[in-house]
Every structure is written in structure tokens, then in C-alpha cells.
Amino acid sequence: MSENKHFETQAIRTQSDNSLQREHASPIYMTSSFVFEDAEHARAMFADEIEGNIYTRFSNPNSNEFIEKLSRLEGTDDGVATASGMSAMFSGMAALLQSGDHILASRSLFGSTHQILTQIFPTWGIEHTYADVDKTEEWESLIRPNTRMIFVETPSNPGLDLIDLEWLGRLAKKHDLILNVDNCFATPYLQRPVEYGAHLVCHSATKFIDGQGRTIGGAILGDQELIDKIRFFVRHTGPALSPFNAWMLSKSLETLPVRMEKHCDNALRIAEYLEGHEELSAVKYPFLKSHPNYELAKRQMTHGGGLITFEVKGGIERGRKFLDNLRMLSLTANLGDTRTIATHPASTTHSKLSEEERCSVGITPGLVRISVGLENVNDILEDIENALRASKPVAKVVVGS
Ligand SMILES: *Cc1c(COP(=O)(O)O)cnc(C)c1O
């Protein structure tokens, strides 16, 4: 299909060649390997003289379709599908860095990405420095002669901090660094980092890309030269995406635009309602005027996304009571699902960080993260409202006098 069709059309009409049985939906190629025509064909395939699928750890029609589609949506040259979001984050860094190299990263990162940088890479001689998202004037001075990559997450999980990608693209270019962006919260429907100069974009496809809480998956997309190195790394280290999961994720991308519209509409309405709520404080959503990066959000993102954070007044105990009194919202660690989810980051997704580390990225003990789903917005609001009321400390009744 022509590459100049609109986003929604690309998401639906990018398809691998299924001409054999004339299926309308792509079939699932549940096979470990692909047959060679003869010995010479086998040799030529392994020598990269002929393109094609050899073995599902290297490539498979389902993961190829998923990647071709996501790559078009992100506006990148090419990409690699991986078994999880973390294997995408890890492979994108490990394939391109070596002992002695340094990464400059934003401090607000997903918990496991933080563990890779602070616990795993140092034992391999790969160093990192964290830069604060609200102190952009400091970033340039943190670049060292051995810095190779800038890694950021925008909006960040769970702090919803934003980073100016245009500024970062210029900084990366000036110092000849690879700019790698975790675009999980925005998806290409809201934000396309390569338009601002990013060289790599990585995803947890588990979240909004699947969007239905069914599978773990990931992808890394970007400039051809970098993707070729990452493909080599993934092919030989093995975090390949299963054909079934790739089929599901490619199918999910067909509805990404309509789902994101609804996630964002619901989230904005809920954020606006909660912002004035007397039982809550620090309500944060990129498209609320009170967000510290509101102007940037409006410039860089087409919508505000599906995530909201807030604090329930009355501290951690009240916060826990609030979560325990939710009747419809799910208490689970995932996000980007059709179902609205409430999470307490400090005791779950970011529990491996120290209290000090958590506070430095805005994860206060009472912070609640809501991933707004696709239910009717009034039902979501009603559940939140009822749980807030039920968690209210009972006023002491004074008997007599
Ligand atoms: C969930 C998540 C990841 C990790 O993805 P998995 O699919 O769970 O491995 C990475 N980055 C962000 C921002 C995430 O939300």
C-alpha cells in the first residue's frame, strides 16, 4: 500500500502478503522455521543474499507485519519486535553501547529501566548520569567525552513529566549522540519523536498498543543503521516476539487511533473533574493548565494521554482506603487497557527504588496513578467519587453535652 495514506489507514491497511489463501485478516504463522527450496537456497538465505524468513527467532511474517506498520506510524525507517517492552529498552541500549560508554538519562524512568541503568550496566562498565527534567539548563554540562546516548521517557511513568523533544533533538545533534525515546505513554498517535530528531523510539506494546491487557510485547524503531545493529543483537540473544502475540499486536494497531481518542477524551474529562475536588491534591495531567509543562504538552502532543496522577488528602492510609473502596476500577500493575486501572506506584511498580529515589521523581507515598479506560466516563467518575467518600475518616460523634 502507498506510504502517503493517513495514520488511521496505515494502521488498518498495512498488511503482509497473504495472497495464498486470500484471507482478509492476516493468518498466524505459528511455525518455528521456514523451508528452503534446496541446499543452495538455504546457503543464500543464511548469507543474506536473498531476503526471507528462516527461523522465527530471526523474523516471522507476523512480527514483520507488526513492525512494518508501527514503523510507518512512527515515521521511522525500520524496527525490531521484542518479547516485552523491557527487552526493547534493553536491546536498544545493549546493542549499541559498550564498556566505557556513558548514557545521559532523564531521572524519571520506568522502574525496570532504572534497574538496568543502576544495577546491571555498571557491572558491565556502562555508566549513566541522571538529569532532572525541570533543570534542562544543566543537561549539556552532564555530557561527557564518552557519552553515546541520551535516553528519555516523555511523558514519564508515573510522574507524567514532559521533556522538550525539539530541544533534546538539537542537543543530541550538536554532540553527535543517539537520542532514544521511550514513547510508551504517548504512542505515535499522540507524539512522533523522530519528527524532533530522535534516532530510536522504543515501546512497551503491552500498554496502549495492545490496549486490551492481553499480552506482553515490545518494539524498537528508528534509523536503519542503528536498527541493523539492534536486529543482529536480538537475533543472537533471542528475545523474539511470538507469532501469536505479533499477530494480536498488529491487529490491535488497527484500532489505536479510535482507542486513543477515547482514552484521552475520558482522561481529560476526569482530570478536569478531579482537579477541583476537595478530597484530592496535586492532580496532574499534561493537558491541564496547571501542569508545569502544559504549553509544551500542547505543542508536542496531539492529546493529553490516558494517565492521570493525584494524591488523596489524608496521606498514605487514606490513599490505601481509597484503593480498597474502588468497586469497578481494577487494582493491577498494567496500564493502557480498555479497563480503568488504579495503581499505587510506591508500593508496586516503583517499590524497588529507595524512598529518596522515589521522591526525587515525584513518587510521593500517597501518589495514585489512574490509567483511564474506555468505559463510560460517568461510571468511572462515580466509582472514584464513591471510593473517596467511603475512605473519608469518620467524624467523631460526641455523645452527651
Ligand atoms: C510498562 C513499561 C515498560 C516495560 O514494558 P513491559 O512490556 O512491561 O516489559 C517500559 N517503559 C514504560 C514507560 C512502561 O510503562
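Residues numbered from 1 in each chain as written. Predicted model: local features only at pLDDT ≥ 70, side-chain atom pairs only at ≥ 80, totals over all residues. Heavy atoms only, no water.

Please clarify how the side chain of D210 should be interpreted in this entry.
Along the chain, D210 falls in the loop between β6 (200-204) and β7 (218-222). Setting aside anything within four residues of it in sequence, one finds D210 in contact with A205, T215, M248, L249, S252 and R259. (Helix = DSSP H or I, 4+ residues; strand = E, 2+ residues; numbered from the N terminus. Contact = heavy atoms within 4.5 Å.)

What should I look at first to understand the domain arrangement of the protein in this one?
Reports of interface size often rely on the accessible area that becomes lost once the parts have come together. You can read the domains of the protein as domain 1 (7-253) and domain 2 (256-390). Distance between the C-alpha centres of domain 1 and domain 2: 27 Å. With 40 residues of domain 1 in contact, the opposing surface of domain 2 contributes 40 residues. Summed over both partners, the interface of domain 1 with domain 2 buries about 3200 Å², with 62% contributed by carbon and sulfur atoms. The interface formed by domain 1 and domain 2 includes two salt bridges. For R299, the salt bridge goes to D164, with nearest N and O atoms at 3.4 Å. On the surface where domain 1 and domain 2 come into contact, there are 20 residue pairs in polar contact (both at pLDDT 80 or more). Only α1 (7-13), α5 (111-120), α6 (165-174), α7 (187-190) and α9 (243-253) provide two or more residues apiece to the side of domain 1 that touches domain 2. The biggest single contributor to the side of domain 1 that touches domain 2 is α7, with four residues. (Domains from an automatic or database assignment. Buried area = accessible area lost by both parts, 1.4 Å probe. Salt bridge = Lys/Arg side-chain N within 4 Å of Asp/Glu carboxyl O. Polar contact = N/O pair within 3.5 Å; in protein donor to acceptor, adjacent residues only side chain to side chain.)

Before we go on, may I ask you to explain the pairing of strand β4 (residues 147-153) in this structure?
On a regular strand, one side chain projects to one face of the sheet and the next to the other, so that they alternate. Within β4, six of the seven residues are buried, which leaves it mostly tucked inside the rest of the structure. Pairing geometry for strand β2 (residues 102-106) and β4, over four bridges, is parallel. Paired with L104 across the two strands is I150, which belongs to β4. The pairing of β4 with strand β5 (residues 178-182) spans five bridges and is parallel. Bridged to E153 within β5 is D182. (Buried < 20%, exposed > 50% of the residue type's maximum accessible area, 1.4 Å probe, protein only. Pairing = 2+ DSSP bridges.)

Hey, could you run me through the packing of aromatic side chains in this one?
The description of an aromatic ring pair uses the distance of the two centres, along with the angle that the planes make with each other. Summed over all chains, the structure comprises 11 aromatic pairs. For the pair F121 and W124, a centre-to-centre distance of 5.7 Å together with 45° between the ring planes defines the contact as tilted. Accessibility expressed as a relative area gives 1% for F121, which makes it buried. Pairwise contacts between aromatic rings join F36, F46, Y55 and F58 into one cluster. Residue placement shows R235 over the ring face of F58; its charged tip is 3.8 Å from the ring centre. (Phe/Tyr/Trp six-rings, centres within 6.5 Å; stacked < 30°, edge-to-face > 60°. Lys NZ or Arg CZ within 6 Å of the ring centre and 35° of its normal.)

Would you mind showing me how to read the site of the ligand here?
Taken together, 14 residues are adjacent to the ligand, and M86, D182, S204, T206 and K207 come closest. Within the side chain of D182, an N or O atom sits 2.7 Å from a nitrogen atom of the ligand. At 2.6 Å from an oxygen atom of the ligand is found a side-chain nitrogen or oxygen belonging to T206. When isolated, the ligand has an accessible area of 380 Å², and the protein chains bury 92% of it. Of all the elements, helix α4 (residues 85-94) adds the most residues to the shell around the ligand, at three residues. Residue classes in the shell around the ligand are distributed as five nonpolar, six polar and three charged. (Near = heavy atom within 4 Å. Areas by Shrake-Rupley, 256 points an atom, 1.4 Å probe, with all protein chains shown as cover. Nonpolar A, V, L, I, M, F, W, Y, C, P; charged D, E, K, R; others polar.)

Where do I start with the packing of α4 against helix α8 (residues 224-237) in this structure?
The angle between the axes and the distance between the axes are what describe a pair of packed helices. Direction vectors running N to C along α4 and α8 enclose 120°, while the axes themselves pass 9 Å from each other. Crossing of α4 over α8 shows right-handed handedness. Side by side, α4 and α8 meet where F90, S91, G92 and A94 of the first sit next to I230, F233 and V234 of the second. Here the contact of α4 with α8 is composed, by residue class, of five nonpolar, two polar and no charged. (Axes fitted to C-alpha atoms, helices over the stretch in contact; angles between N-to-C directions. Left-handed = near helix turned anticlockwise from the far one by under 90°.)

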